[in-house]
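# A closer look at the structure
One letter stands for each residue in the lines below.
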Amino acid sequence: MYYNFIRTPAIVKTGAGILGDIDNLLHVSHLYFSDKVLITQEFLYSVYKDSLERNVFCKVVFVKGGCVDEASVIMEQCKEIDGLLIAFGGGSVLDIVKYCADKMDKPYINIPSALSNDAVYSCVARLNQNGKKKSFGVQPPIGLIVDFDVIRQSPKTLIYAGVADLVSNLSALQDWKLAYHVNHEPINEMAFMLSRQSVVPLFKYTEQDLFSDEFLFELTNGLIVSGLSMIVCGTTRVTSGAEHLISHAIDEYFPERSSIHGLQVGWAHEIINRKYREHGNAEYDISEYFKRMGLDKVIEEHVKWHENEFEQLVPYAIRVRKRFTILNLL
Ligand SMILES: [Zn+2]
């Protein structure tokens, strides 16, 4: 085989007030399905009922989300339907739908209600199994529809988490380079470039832009391109480095002190860059960017760890996953 065959989304639509226009957006993208099942949370459905009901669904399935145990119930309700699954909700809803769609080999699209992490477009579903978060490899969605008016209703903290998770690609890429220099770990330059380019446009904005269509457009498409970089790479190496290991260590070993994924990742990223990487902030000044966006305050408010506890987390982080990062050199 001379080429990598990768699946790219058949539809990506962003804009304000497009939740009521799903049928038409699929139609103009030449995506025709006899039946469509909407899978969402009851609360979200009640909030966006008017817009959602402007589309035709053969069934609406309500889920809690986040837990693998729920999958059998969802699959039972969808198994007779030969059509498209539409996931509308936060990461926990998208992840359970991804998992079910993959198991049933059905196409699905994601309509995120928040942009809190790169789960919006990825080949990994993070779900609880026996009380612990686990990663499951899945097929990515055939597309994404993002209504900025819905995202603007989500907590500001979640948008910040999405920004920090995406920006952390820069840290992951530095770890990949380090692994190349120290261990000759090969680098897929195509994946590397996609991951990098998904982040760069965010650096021209400030805190005032957070809810603007322009910024949300960059964030959405950045998360999609970041997801594509993982698909091209075939692993999460391209978007997940030392900062993710620290965050996973907190979730796994100190769950009572854990917080939102993207914010924990951002906390670790900023410390690693400022304290441990030689020339860490040379190209993109992460500390300055976090201040400019107001991310520093949000992280301080939500992440209940002090900088001087960082080194205590390192031995746990190294154990989480066998991946060479700067933590191995501390
Ligand atoms: Zn992440």
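Looking at an unreviewed UniProt entry, one finds the protein named Iron-containing alcohol dehydrogenase, with Phocaeicola sartorii as its source organism.

Now for the UniProt feature "binding site: NAD(+)" (unreviewed entry) in the protein. Taking the numbering used here, the UniProt-annotated feature "binding site: NAD(+)" (unreviewed entry) corresponds to Gly91, Ser92, Val93, Leu94, Asp95 and Ser122. Over a stretch of 32 residues, the named residues converge on one spot in the fold, their C-alpha atoms separated by at most 13.7 Å. Taking the annotated residues in turn, Gly91 and Leu94 line the largest cavity. Inspection of the secondary structure assignment puts Gly91 in helix α5 (residues 91-104). Among the residues examined, Gly91 registers a relative accessible area of 24% and is labelled partly exposed. Relative to the helices and strands, Ser122 resides in the loop between β5 (108-112) and β6 (124-129). Look past the residues within four positions of Ser122 in its chain and what remains in contact with it is Lys98, Tyr108, Val138, Gln139, Pro140, Pro141 and Met230. A polar side-chain atom of Ser122 sits 3.0 Å from a polar atom in the side chain of Lys98.

Those protein atoms acting as donors to the zinc ion are Asp165 (OD), Asp165 (OD), His244 (NE2) and His261 (NE2), and they sit at 2.1 to 2.8 Å. Taken in chain order, the donor set of the zinc ion reads D-x78-H-x16-H. Here His244 is found in helix α11 (residues 242-253), whereas its partner His261 is found in helix α12 (residues 261-276), with 17 residues between them in sequence.

In this model, the largest pocket occupies a volume close to 700 Å³. Contributing to the lining of the largest pocket are 32 residues, with Asp95, Asn117, Ala119, Arg126 and His261 lying nearest its centre. Going through the elements one at a time, α5, β6, β7 (132-137), α7 (156-167), α11 and α12 are the ones with two or more residues in the lining of the largest pocket. In terms of residue count, the dominant contributor to the lining of the largest pocket is α5 (five residues). Classifying every residue of the lining of the largest pocket by side-chain character gives six nonpolar, 18 polar and eight charged. Two domains each put at least three residues into the lining of the largest pocket: domain 1 (11-153) and domain 2 (156-329). Here the second largest pocket is characterised by a volume of approximately 390 Å³. Lining the second largest pocket are 18 residues; nearest its centre among them are Leu170, Leu173, Gln174, Lys177 and Arg277. At the level of elements, α8 (169-183) and α9 (189-199) are the ones that each hand at least two residues to the lining of the second largest pocket.

Turning our eyes to something else, we now look at the nonpolar core. Counting 80 residues, the largest nonpolar core has Ile246, Trp267 and Phe310 as the members making the most contacts within it. For this core, the two domains that each supply at least three residues are domain 1 (11-153) and domain 2 (156-329). Setting aside residues up to four positions removed in sequence, Trp267 forms contacts with Ile246, Ile250, Ile299, Val303, Trp305, His306, Glu307, Phe310 and Leu313.

Attention now goes to the pairing of β6. For a regular strand, side-chain orientation follows a simple rule: the groups alternate between the two sheet faces. Two elements, β6 and β7, share six bridges in a ladder whose sense is antiparallel. If you follow Val124 over to β7, its bridge partner there is Gly137. In sequence, β6 turns back onto β7 through a hairpin of two residues, with Asn130 there showing a positive phi of about 50°.

Our next topic: the packing of α7 against α12. Remark: α7 packs on α12, axes separated minimally by 7 Å, with the N-to-C direction vectors making an angle of 50°. Viewed along their axes, α7 and α12 adopt a mutual orientation that is oblique. Considering how the two elements wind past one another, α7 and α12 form a crossing that is left-handed. Contacts between α7 and α12 pair Thr157, Tyr160, Ala161, Ala164, Asp165 and Val167 from the former with His261, Gly262, Leu263, Val265, Gly266 and His269 from the latter. Tallied by class, the residues present in the contact of α7 with α12 amount to six nonpolar, five polar and one charged.

Structurally, Asp213 can be placed in helix α10 (residues 213-233). Overall, the relative accessible area of 32% leaves Asp213 in the partly exposed class. For Asp213 and Thr14, which are 199 residues apart along the polypeptide, the C-alpha to C-alpha distance reads 9.1 Å. The contacts of Asp213, once residues within four sequence positions are left out, are Ala16, Phe148 and Arg152.

Quick notes on the rules
Residues numbered from 1 in each chain as written. Predicted model: local features only at pLDDT ≥ 70, side-chain atom pairs only at ≥ 80, totals over all residues. Heavy atoms only, no water. UniProt positions renumbered as here; feature names shortened; annotations may be inferred. 1 Å grid on protein atoms, 1.4 Å probe; cavity = no way out; pocket = protein on both sides within 12 Å on 5 of 7 lines; lining within 4 Å. Helix = DSSP H or I, 4+ residues; strand = E, 2+ residues; numbered from the N terminus. Buried < 20%, exposed > 50% of the residue type's maximum accessible area, 1.4 Å probe, protein only. Contact = heavy atoms within 4.5 Å. Polar contact = N/O pair within 3.5 Å; in protein donor to acceptor, adjacent residues only side chain to side chain. Donors = N, O, S within 2.8 Å, 3.2 Å for Na, K, Ca; no water. Points joined across faces, edges and corners; volume = space filled by probe spheres on them. Nonpolar A, V, L, I, M, F, W, Y, C, P; charged D, E, K, R; others polar. Domains from an automatic or database assignment. Core = buried A, V, L, I, M, F, W, Y, C linked by side-chain atoms within 4.5 Å. Pairing = 2+ DSSP bridges. Axes fitted to C-alpha atoms, helices over the stretch in contact; angles between N-to-C directions. Parallel < 35°, antiparallel > 145°, perpendicular 65-115°, else oblique. Left-handed = near helix turned anticlockwise from the far one by under 90°.

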